[in-house]
Amino acid sequence: MHVIFVGPPGVGKGTQAHRLVGELEVVHLSTGEILRAAMDEQSPLGVEAKQYVEQGKLVPDHLIVDMIGERLNRPDCEVGWLLDGFPRNVSQARALDAMLAEQGRRIDLVLALTAPVEELKKRLLKRAEIEGRADDNPTTIAQRLVVYEQQTAPVLDYYRRQSLLQEVDGLGSPDAVFDRIRRAMDADRQQG
Ligand code: AMP
């Protein structure tokens, strides 16, 4: 199974993605997590990405597309994958389509988690206190929400037009949200 998980920062995407990969038994590919690991290791990618991540901006497409392209070609991806945090704009979505066409694979489903912007801000500020992520400060949070609206929201339309999109309400407890995700997946299977 090949699933894409989209959602604004703070919607609980990471938490739900971890649960879902456990259930689907696919590989979890989070571009944010890969970038944070690269930054910790100070690899060339990490060094280059750091300035963008710390400003809440998107890392340039060519870096991300090369990184994910290399990752998708590894043998462990043969069991299927869940992409978390990629694609973040329409040009990344097109690049992914081209890579998948080459591999003879296709996307089964795009899950989009949604929540009102005020709730997202509240959650991100709380996470900042707990996790101490360098990009969870008020200025960067505002910037990441703008980037989501301007660049990532159009990705939803891109997949809606291909009838791949299922939207899921991200409000409520993690268990409640996960139940909705399960139902969205069942609904999709019945439609498909
Ligand atoms: P995330 O953990 O998904 O919220 O990502 C954290 C940060 O990593 C983002 O604010 C971006 O700076 C960067 N990032 C993650 N995924 C991508 C992507 N697909 N394209 C560009 N930048 C990304």
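Above this note sits the structure.
Residues numbered from 1 in each chain as written. Predicted model: local features only at pLDDT ≥ 70, side-chain atom pairs only at ≥ 80, totals over all residues. Heavy atoms only, no water.

Caption draft 1: A look at helix 1 (residues 13-24). Along its twelve residues, helix 1 runs 16 Å from first to last C-alpha, staying within 8% of the 16 Å computed at 1.5 Å per residue. Where helix 1 is concerned, the buried positions are K13, Q16, A17, L20 and V21. For helix 1, the arc enclosing every buried residue in end-on projection is 135 degrees, short of the 170-degree limit, so these residues lie on one face. Lining the buried residues of helix 1 we find strand 1 (2-6), strand 2 (27-30), strand 3 (81-84), strand 4 (109-114) and helix 8 (174-191). Taken from the residues just after helix 1, E25 is the one with a positive phi, measuring 55 degrees. (Helix = DSSP H or I, 4+ residues; strand = E, 2+ residues; numbered from the N terminus. Expected span 1.5 Å × (residues − 1). Buried < 20%, exposed > 50% of the residue type's maximum accessible area, 1.4 Å probe, protein only. Arc of directions from axis to C-beta. Contact = heavy atoms within 4.5 Å.)

Caption draft 2: Main features of the packing of helix 2 (residues 31-41) against helix 4 (residues 61-72). The interhelical angle for the contact between helix 2 and helix 4, taken along N-to-C directions, is 100 degrees, at an axis separation of 11 Å. The angle between the axes of helix 2 and helix 4 places the two elements in the roughly perpendicular class. Seen from helix 2, the contacting residues are T31, I34 and L35; seen from helix 4, they are I64, M67 and I68. Here the contact of helix 2 with helix 4 is built from residues that sort into five nonpolar, one polar and no charged. (Axes fitted to C-alpha atoms, helices over the stretch in contact; angles between N-to-C directions. Parallel < 35°, antiparallel > 145°, perpendicular 65-115°, else oblique. Nonpolar A, V, L, I, M, F, W, Y, C, P; charged D, E, K, R; others polar.)

Caption draft 3: Representation of the packing of aromatic side chains. Within this structure, the stated rule accounts for one aromatic pair. Judged by centre distance (5.2 Å) and plane angle (80 degrees), the ring pair of Y158 and Y159 falls under edge-to-face. Note on accessibility: Y158 and Y159 belong to one class, buried. (Phe/Tyr/Trp six-rings, centres within 6.5 Å; stacked < 30°, edge-to-face > 60°.)

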